[in-house]
Amino acid sequence: DTEVTQTPKHLVMGMTNKKSLKCEQHMGHRAMYWYKQKAKKPPELMFVYSYEKLSINESVPSRFSPECPNSSLLNLHLHALQPEDSALYLCASSQEGAGGNTIYFGEGSWLTVV
Amino acid sequence: AQSVAQPEDQVNVAEGNPLTVKCTYSVSGNPYLFWYVQYPNRGLQFLLKYITGDNLVKGSYGFEAEFNKSQTSFHLKKPSALVSDSALYFCAVRDGSGGYNKLIFGAGTRLAVHP
């Protein structure tokens, strides 16, 4: 069972709306991630937070704005999205540091932009 | 750059037969390799990983994977397939450049187990 919890599971939003995706983990992990996954494609990394600081931004458009309020929470703020942004958004977490730490994923938030 | 390849879009297996899902990798340095499974409309579930040590890695749900350095492969296997194993399987390699933990995924292989 995943210990990364994402809300909401489904979200439909208009192109002028502002909404947020939320993610929470209680495994004591210090790295958290946002991935985007289109249908039948592999996940693509968007952002990495390490110790609550943004470490990697994979050239994601500014209409996606991540936020890490504390070590357990990760948000993704959405504004002025396009229909092509419709996808499954996956949050994940792992222990920090070198080596092959396992990245654990949540169930995802299905986003539809209309 | 680190990469993995999954040469098969789909693998079809009869229930009870052994299954293999293939993965090859290209890395600089020591590879950290992972397998994840994704059931329909769900997130990714971790199955197993190879970091170092024994080339045969055992994971969840009866799956195992064999690391082969000479063939740069990390194939996922199960001795006896179940219909419930039908899902999308992703091989991934860790890209630790910059000091951060980042997974590079293969394109995925759809496993269909038929009764």
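None of these values were measured; they are calculated from a predicted model.

Overview of the state of the cysteines
Turning to step 1, where the next piece is worked out: Going through the model one piece at a time under the given rule, you end up with 2 disulfides over all chains.
Turning to step 2, where the next piece is worked out: Disulfide pairing is shown between Cys23 of chain A and Cys91 of chain A; the S-S distance is 1.9 Å. The sign of the S-S torsion, about -75°, decides the handedness of the disulfide formed by Cys23 of chain A and Cys91 of chain A: left-handed. Taken together, the residues span a long stretch of sequence, with Cys23 of chain A in strand β3 (residues 18-25) and Cys91 of chain A in strand β9 (residues 87-94) at a distance of 68 residues.
Turning to step 3, where the next piece is worked out: For Cys91 of chain A, a relative accessible area of 0% puts it in the buried group.
Turning to step 4, where the next piece is worked out: Residue pairing for Cys23 of chain B: its cysteine sulfur links by disulfide to Cys91 of chain B, the two sulfurs lying 2.0 Å apart. The sign of the -60° torsion about the S-S bond sets the Cys23 of chain B-Cys91 of chain B disulfide as left-handed. Remark: Cys91 of chain B occurs in strand β10 (residues 87-95) and Cys23 of chain B occurs in the loop between β3 (19-21) and β4 (24-26); sequence separation between them is 68 residues.

Remarks on the pattern of salt bridges
Turning to step 1, where the next piece is worked out: Per the counting criterion, the structure on display carries 7 salt bridges over all chains.
Turning to step 2, where the next piece is worked out: Salt-bridge contacts for Glu52 of chain A lead to Arg30 of chain A; the nearest nitrogen and oxygen are separated by 2.7 Å. Remark: Arg30 of chain A occurs in the loop between β3 and β4 (31-37) and Glu52 of chain A occurs in the loop between β5 (44-50) and β6 (53-57); sequence separation between them is 22 residues.
Turning to step 3, where the next piece is worked out: Between Asp85 of chain B and Lys78 of chain B there is a salt bridge, and its shortest N-O distance comes to 2.8 Å.
Turning to step 4, where the next piece is worked out: Residue Asp85 of chain B is classed as buried on the basis of its relative accessible area, which comes to 3%.
Turning to step 5, where the next piece is worked out: Classification of Lys78 of chain B by relative accessible area gives buried; the value is 7%.

Here's the deal with the packing of aromatic side chains
Turning to step 1, where the next piece is worked out: If you walk through the whole model with that rule in mind, you get 15 aromatic pairs over all chains.
Turning to step 2, where the next piece is worked out: Aromatic side chains Tyr35 of chain A and Phe105 of chain B sit 6.0 Å apart centroid to centroid with 85° between the ring planes, which places their arrangement in the edge-to-face category. Taken together, the residues span two chains, with Tyr35 of chain A in strand β4 and Phe105 of chain B in strand β11 (residues 102-105). With respect to burial, Tyr35 of chain A and Phe105 of chain B carry one shared label: buried.
Turning to step 3, where the next piece is worked out: Ring geometry for Tyr50 of chain B against Phe74 of chain B: centres 6.5 Å apart, planes inclined by 55°, an arrangement best described as tilted. Here Tyr50 of chain B, found in strand β6 (residues 44-50), pairs with Phe74 of chain B, found in strand β9 (residues 73-78); they are 24 residues apart in sequence, far enough to count as distant.
Turning to step 4, where the next piece is worked out: Looking at Phe74 of chain B, the relative accessible area reads 0%, which means it is buried.

Thresholds applied
- Residues numbered from 1 in each chain as written.
- Chains lettered and ligands numbered in written order.
- Predicted model: local features only at pLDDT ≥ 70, side-chain atom pairs only at ≥ 80, totals over all residues.
- Heavy atoms only, no water.
- Disulfide = S-S within 2.5 Å.
- Helix = DSSP H or I, 4+ residues; strand = E, 2+ residues; numbered from the N terminus.
- Buried < 20%, exposed > 50% of the residue type's maximum accessible area, 1.4 Å probe, protein only.
- Salt bridge = Lys/Arg side-chain N within 4 Å of Asp/Glu carboxyl O.
- Phe/Tyr/Trp six-rings, centres within 6.5 Å; stacked < 30°, edge-to-face > 60°.

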